[in-house]
Amino acid sequence: MTIEMAPIRGVANHYGTRTTKNKYGGQESTKMGVVKSAEWHFTYDDLPAALDSNLPQVIPANASIVSATLYVDEAFTSTSTTTDLTVGLEQKDGTDIDIDGLLTAANATQTTIGTAGNVIAGTGALVGVSVGANPGQLIVDSSADDLLTGKARCVVEFAYDK
């Protein structure tokens, strides 16, 4: 089934059974006080990108990123000799906050994303600092345009700053 976006108000209507499998992200409740976590699931052929709506989970404006972790559930492969992923944040209109601010290509190399079960800790420029004055949506980009396989989860822990 499909999700239909109303052109004027941007309201999402859904018809039929909804099986998003956390594609748009979700927030997990924790008992860690001000620290919250958001999680996104994605595959090689459906990498997260900015969506101009209120449907996806966002990291709120002025929140500080505590950590970012990529869990490789299925190895990423391509016909290229090297495949790297970058994970960052964008505003919903597509304006970059930092396209590799959570995981840089140096973190998510073919060696680390090419093996199922790997857990990759992010060391991007946004880890440990505020996302700024605008909320951010998760984006994932690949250095290879010909990905053949791959499935992962990205978990971002953040704290609200006031």
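Before any of the text, the structure's been laid out above.
Student: Please clarify how the overall build of the protein chain should be interpreted in this entry.
Tutor: What the protein chain contains, in helices and strands, is 1 helix and 10 strands. Written out in order from the N terminus, the α and β elements of the protein chain read β-β-β-β-β-β-β-α-β-β-β. Counting the 162 residues in the protein chain, one finds 36% classified as buried. Pairs at least 24 residues apart make up 74% of the contacts formed inside the protein chain by residues separated by at least 6 positions. When the accessible surface of the protein chain is totalled, it reaches about 8600 Å², and 51% of it is carbon and sulfur.

Student: Before we go on, may I ask you to explain the environment of F158 in this structure?
Tutor: The residue F158 is located in strand β10 (residues 147-159) in this model. What makes F158 buried here is its relative accessible area of 0%. Along the backbone, F158 and S64 are 94 residues apart, and their C-alpha atoms lie at a distance of 5.4 Å.

Student: So what exactly am I meant to see when it comes to the nonpolar core here?
Tutor: Across soluble globular proteins, you tend to see nonpolar side chains buried next to one another. I59, L70 and L102 are the most contacted members of the largest nonpolar core, which totals 27 residues. Going through the elements one at a time, β4 (35-43), β5 (64-78), β6 (85-90), β7 (96-103), β9 (137-142) and β10 are the ones with two or more residues in this core.

Student: Any chance you could explain the pattern of salt bridges here in plain terms?
Tutor: If charged atoms from side chains of opposite charge come close, those side chains can pair. Tallied over the entire structure, the rule returns 1 salt bridge. With a shortest N-O distance of 3.0 Å, R153 and D73 are connected by a salt bridge. Placement of the pair is R153 in strand β10 and D73 in strand β5, with a sequence separation of 80 residues. A relative accessible area of 26% places R153 in the partly exposed class.

Student: Any chance you could explain unusual backbone geometry here in plain terms?
Tutor: Glycine aside, the phi torsion of most residues is negative, and most peptide linkages are trans. You will see that N62, though not glycine, has its phi angle at about 65 degrees, which is positive. Structurally, N62 can be placed in the loop between β4 and β5. In this structure N62 comes out as partly exposed when scored by relative accessible area, which is 37%.

Student: Mind showing me how you'd approach the environment of T112 here?
Tutor: Looking at where T112 falls in the secondary structure, it is placed in helix α1 (residues 110-113). For the pair formed by T112 and D84, sequence separation is 28 residues and the distance between their alpha carbons is 9.0 Å. Apart from residues lying up to four places away in sequence, T112 is in contact with V72, N107, N118 and I120. Polar contacts involving the side chain of T112 include one to the main-chain amide nitrogen of T109, which spans 3.0 Å.

Student: For this particular structure, what's the right way to read the side chain of S142?
Tutor: Relative to the elements of secondary structure, S142 occurs in strand β9. A residue is classified by how much of its surface remains accessible, and S142, at 11% relative accessible area, is buried. A distance of 2.9 Å separates a polar atom in the side chain of S142 from the backbone oxygen of A144.

Student: Explain the sheet that holds β7 to me, please; I cannot follow it from the model alone.
Tutor: Hydrogen bonds between backbone groups are what pair the strands of a sheet, and the pairing can be parallel or antiparallel. The 3 strands lie next to each other as β7-β6-β9, forming an open sheet whose pairing is antiparallel. If you trace the sheet from one side to the other, it starts and ends with β7 and β9, each paired once. For this sheet the average axis-to-axis angle between neighbouring strands, irrespective of direction, equals 35 degrees. Sheet topology places β6 next to β9; 6 bridges connect them, and they run antiparallel. For L89, the partnering residue across the bridge sits in β9 and is L138.

Quick notes on the rules
- Residues numbered from 1 in each chain as written.
- Predicted model: local features only at pLDDT ≥ 70, side-chain atom pairs only at ≥ 80, totals over all residues.
- Heavy atoms only, no water.
- Helix = DSSP H or I, 4+ residues; strand = E, 2+ residues; numbered from the N terminus.
- Buried < 20%, exposed > 50% of the residue type's maximum accessible area, 1.4 Å probe, protein only.
- Contact = heavy atoms within 4.5 Å.
- Areas by Shrake-Rupley, 256 points an atom, 1.4 Å probe, with all protein chains shown as cover.
- Core = buried A, V, L, I, M, F, W, Y, C linked by side-chain atoms within 4.5 Å.
- Salt bridge = Lys/Arg side-chain N within 4 Å of Asp/Glu carboxyl O.
- Polar contact = N/O pair within 3.5 Å; in protein donor to acceptor, adjacent residues only side chain to side chain.
- Pairing = 2+ DSSP bridges.
- Axes fitted to C-alpha atoms, helices over the stretch in contact; angles between N-to-C directions.

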